[in-house]
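Listed below, chain by chain, are the residues.
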Amino acid sequence: MTSEVTSKARYMLVVLHTGRRDSVLAAKSVCDQLREAGVTPVLPPFDDGDHPEVLDELGEVATLGSGISVYDLELVMVLGGDGTILRAAEIVRGATVPLLGVNLGHVGFLAESERKDLTATVQRALARDYLVEERMTLSVRVKLGTEVVYESWALNEATVEKASRERMLEVVIEVDGRPLSSFGCDGVVMSTPTGSTAYSFSAGGPVVWPSLDALLMVPLSPHALFARPLVVGPDSALAVEVLERSQGGAVLWSDGRRMRDLPKGARVVVRRSPVPVRLARLQMGPFTDRLVRKFNLPVNGWRGPMDRD
């Protein structure tokens with residue numbers, strides 16, 4: 001194969017939930033369309049929980065890491081809910097390739113289109129007919145004294161939680177190196193604006209428009225008079241320290257996917273990461289419309305501003 005032909009090769013990663021029949025059927029449709037257009041469909045390597053027999057249904061595909069790296073990818077087609085999109089973001093972390101989500105789940109807040117629009121979505125992907133939006137992510141560090149013992153990242157949130165249901169977690173929260181309050185709780189969520197509609201939202205945190213650069217801190221079931229959700233600037237640092245008086249253990253979850261046990265005295269520090277996640281957008285409408293559509297919010301009777309041009 002000549003270098004000229006190689007330079008024109010196109011690769012798109014297809015990330016699916018192999019345990020869901022609707023996701024496998026959607027992936028087969030996507031792979032068929034890609035091959036017909038001369039684009040090579042690529043699958044991530046199979047994990048222990050995957051079902052490798054689905055390869056027989058998807059036809060001829062390449063495997064990421066077998067001669068094709070994340071830097072060769074043009075686009076990631078994600079077939080599933082928000083959990084599958086978070087998995088895809090983890091797979092291509094560090095590369096600039098955008099993710100285009102097709103919702104096969106319930107809310108699918110990060111997804112850009114629905115199952116019924118799959119064929120048209122692939123056509124637009126093939127035509128490169130999309131815009132790219134960058135979403136901020138979190139850099140997550142666990143420190144014991146002055147030593148960094150663990151590092152991770154998150155698109156939605158990093159959460160310090162109690163390890164056992166019957167035991168309360170005792171923490172002190174910190175903003176920009178200064179203590180703010182200590183209390184018993186079930187945990188503390190530290191979130192991006194993207195994650196404000198995920199775990200943070202369920203815990204009573206505010207919805208933050210993704211165009212706003214900010215960090216959120218939301219206590220989970222706090223036993224305290226002052227333990228309100230906080231919103232701070234993007235250059236601030238948030239921290240949660242597990243106090244020695246805690247009755248039980250603690251764990252750190254990053255996007256609900258990566259877990260780390262936290263001993264007493266551990267300090268979790270969260271800052272804005274310099275590496276964003278890039279989402280492919282088929283339409284750049286107002287975030288308000290996305291909220292209404294995804295949460296099925298009632299807007300009956302709205303007539304709009306009287307002074308519209």
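Parameters and conventions
- Residues numbered from 1 in each chain as written.
- Predicted model: local features only at pLDDT ≥ 70, side-chain atom pairs only at ≥ 80, totals over all residues.
- Heavy atoms only, no water.
- Helix = DSSP H or I, 4+ residues; strand = E, 2+ residues; numbered from the N terminus.
- Polar contact = N/O pair within 3.5 Å; in protein donor to acceptor, adjacent residues only side chain to side chain.
- Contact = heavy atoms within 4.5 Å.
- Salt bridge = Lys/Arg side-chain N within 4 Å of Asp/Glu carboxyl O.
- Buried < 20%, exposed > 50% of the residue type's maximum accessible area, 1.4 Å probe, protein only.
- Phe/Tyr/Trp six-rings, centres within 6.5 Å; stacked < 30°, edge-to-face > 60°.
- 1 Å grid on protein atoms, 1.4 Å probe; cavity = no way out; pocket = protein on both sides within 12 Å on 5 of 7 lines; lining within 4 Å.
- Points joined across faces, edges and corners; volume = space filled by probe spheres on them.
- Nonpolar A, V, L, I, M, F, W, Y, C, P; charged D, E, K, R; others polar.

A. Quick peek at the side chain of Ser 23. Inspection of the secondary structure assignment puts Ser 23 in helix H2 (residues 21-36). Here Leu 79 takes part through its backbone oxygen, which lies 3.2 Å from a polar atom of the side chain of Ser 23. With near-sequence residues (within four places) excluded, Ser 23 lies in contact with Leu 16, His 17, Leu 79 and Leu 104.

B. View of the pattern of salt bridges. Per the counting criterion, the structure on display carries 22 salt bridges. Between Asp 32 and Lys 28 there is a salt bridge whose closest N-O contact spans 3.1 Å. Of this pair, Asp 32 and Lys 28 are both found in helix H2, four residues apart, which corresponds to roughly one turn of the helix. Owing to a relative accessible area of 33%, Asp 32 belongs among the partly exposed residues under this scheme. On the basis of relative accessible area, Lys 28 is assigned to the partly exposed category, the value being 33%. Linked through salt bridges whose partners overlap, the residues forming this network are Glu 112, Glu 133, Arg 135, Arg 281 and Arg 290.

C. Up close: unusual backbone geometry. A positive phi angle is found at Asp 176, which is not glycine, with a value near 55°. Positionally, Asp 176 belongs in the loop between strand E11 (169-175) and strand E12 (178-185). Backbone geometry at Ser 221 places phi at a positive 45°, although glycine is not the residue there. With respect to the secondary-structure elements, Ser 221 resides in the loop between strand E14 (215-220) and strand E15 (230-232).

D. Representation of the packing of aromatic side chains within the structure. Taken as a whole, this structure holds four aromatic pairs when the rule is applied. A ring pair is formed by Phe 201 and Phe 295, whose centres lie 5.1 Å apart and whose planes are at 10°; its orientation type is stacked. Of this pair, Phe 201 sits in helix H6 (residues 199-202) while Phe 295 sits in helix H7 (residues 287-295), placing them 94 residues apart in sequence. Classification of Phe 201 as partly exposed rests on a relative accessible area of 36%. Ring geometry for Trp 209 and Phe 287: centres 5.0 Å apart, planes at 70°, overall edge-to-face. You can see Trp 209 sitting in the loop between H6 and E14 and its partner Phe 287 sitting in helix H7, a full 78 residues away along the chain. Assessed through its relative accessible area of 35%, Trp 209 is described here as partly exposed.

E. Just empty space enclosed by the protein, in detail. Summed over all chains, the structure comprises three cavities of 30 Å³ or more. In this structure, the largest cavity encloses a volume near 60 Å³. Around the largest cavity sit Ala 89, Val 92, Arg 93, Gly 94, Ala 95, Val 97, Leu 99, Pro 276, Val 277 and Arg 278, which together line it. Among the residues making up the lining of the largest cavity, the classes are represented as seven nonpolar, one polar and two charged.

F. Molecular detail of the layout of surface pockets. Put simply, the largest pocket is a space of about 270 Å³. Forming the walls of the largest pocket are 14 residues, and the residues nearest its centre are Met 284, Gly 285, Pro 286, Phe 287 and Arg 290. Broken down by secondary-structure element, the contributors of at least two residues to the lining of the largest pocket are strand E7 (131-135) and H7. Broken down by element, the lining of the largest pocket gets its largest block of residues, four residues, from H7. There is about 180 Å³ of room inside the second largest pocket. Those elements that place two or more of their residues in the lining of the second largest pocket are strand E6 (113-114), helix H5 (118-126) and H7. Across the lining of the second largest pocket, the residue classes tally to three nonpolar, three polar and eight charged.

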